[in-house]
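Residue strings, one per chain:
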Amino acid sequence: IELFLSTAPSMLESLVEKVRLKSWHEVYLKAHELKGSLGIFRMNLVLELAARMESNAKAGDHLEEMPALADRALALFGEIAPLLRAEMDRMGEMKS
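Predicted model, so just to flag it, every value in this text is computed and none were measured. (Residues numbered from 1 in each chain as written. Predicted model: local features only at pLDDT ≥ 70, side-chain atom pairs only at ≥ 80, totals over all residues. Heavy atoms only, no water.)

(A) View of the pattern of salt bridges. A full pass over the atoms with the stated rule returns five salt bridges. One salt bridge in this structure joins Lys35 and Glu54, with 2.4 Å as the shortest N-O distance. Placement of Lys35 in helix H2 (residues 24-40) and of Glu54 in helix H3 (residues 44-59) is noted, with a sequence separation of 19 residues between them. Judged by relative accessible area, which is 9%, Glu54 ranks as buried. The partner of Glu87 in a salt bridge is Arg90, with the nearest N and O atoms 2.5 Å apart. In this pair, Glu87 and Arg90 are both assigned in helix H4 (residues 66-95), three residues apart and thus about one turn of the helix distant. Judged by relative accessible area, Glu87 falls into the partly exposed class, the value being 31%. What makes Arg90 partly exposed here is its relative accessible area of 39%. (Salt bridge = Lys/Arg side-chain N within 4 Å of Asp/Glu carboxyl O. Helix = DSSP H or I, 4+ residues; strand = E, 2+ residues; numbered from the N terminus. Buried < 20%, exposed > 50% of the residue type's maximum accessible area, 1.4 Å probe, protein only.)

Here it is as structure tokens:
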């Protein structure tokens, strides 16, 4: 969990940057990579956004939506990550 929480923000920020640069192949690759981790931690809303970005980038469709999708994914992760971290801390306390 700690590894995910430490790497996911930079992955999302990189995805946002690739969208800004309109590097659609890179968006596709980053979104695809991110989907696996998001699925493991059941971050379904962010996962759905990543899947849409992956699909849009691959097909070259709805590219005008991409900045909003990327910004929303980053914002949602920012809301969810503290909850995951709190759960991780709680689990650590239970072990003690």
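Next, the rest of the story.
(B) Structural view of the nonpolar core. Grouped together as the largest cluster of nonpolar side chains are 26 residues, with contacts concentrated most on Phe4, Val27, Leu38, Met43, Met53, Met66 and Phe77. Breaking this core down by element, the ones donating at least two residues are helix H1 (2-20), H2, H3 and H4. At eight residues, the largest contribution of residues to this core is made by H4. Each residue touching Val27, except ones within four places of it in the same chain, is listed here: Leu15, Lys18, Val19, Met53, Ala57 and Met66. (Core = buried A, V, L, I, M, F, W, Y, C linked by side-chain atoms within 4.5 Å. Contact = heavy atoms within 4.5 Å.)

(C) Here's a closer look at the packing of H2 against H3. The interhelical angle for the contact between H2 and H3, taken along N-to-C directions, is 155°, at an axis separation of 8 Å. Classified by the angle between their axes, H2 and H3 sit roughly antiparallel to one another. Crossing angle aside, the handedness with which H2 passes H3 is left-handed. On H3, the residues touching Trp24, Val27, Tyr28, Ala31, His32, Lys35, Leu38 and Gly39 of H2 are Val46, Leu47, Ala50, Ala51, Met53, Glu54, Ala57 and Lys58. Of the residues assigned to the contact of H2 with H3, the class counts are eleven nonpolar, two polar and three charged. (Axes fitted to C-alpha atoms, helices over the stretch in contact; angles between N-to-C directions. Parallel < 35°, antiparallel > 145°, perpendicular 65-115°, else oblique. Left-handed = near helix turned anticlockwise from the far one by under 90°. Nonpolar A, V, L, I, M, F, W, Y, C, P; charged D, E, K, R; others polar.)

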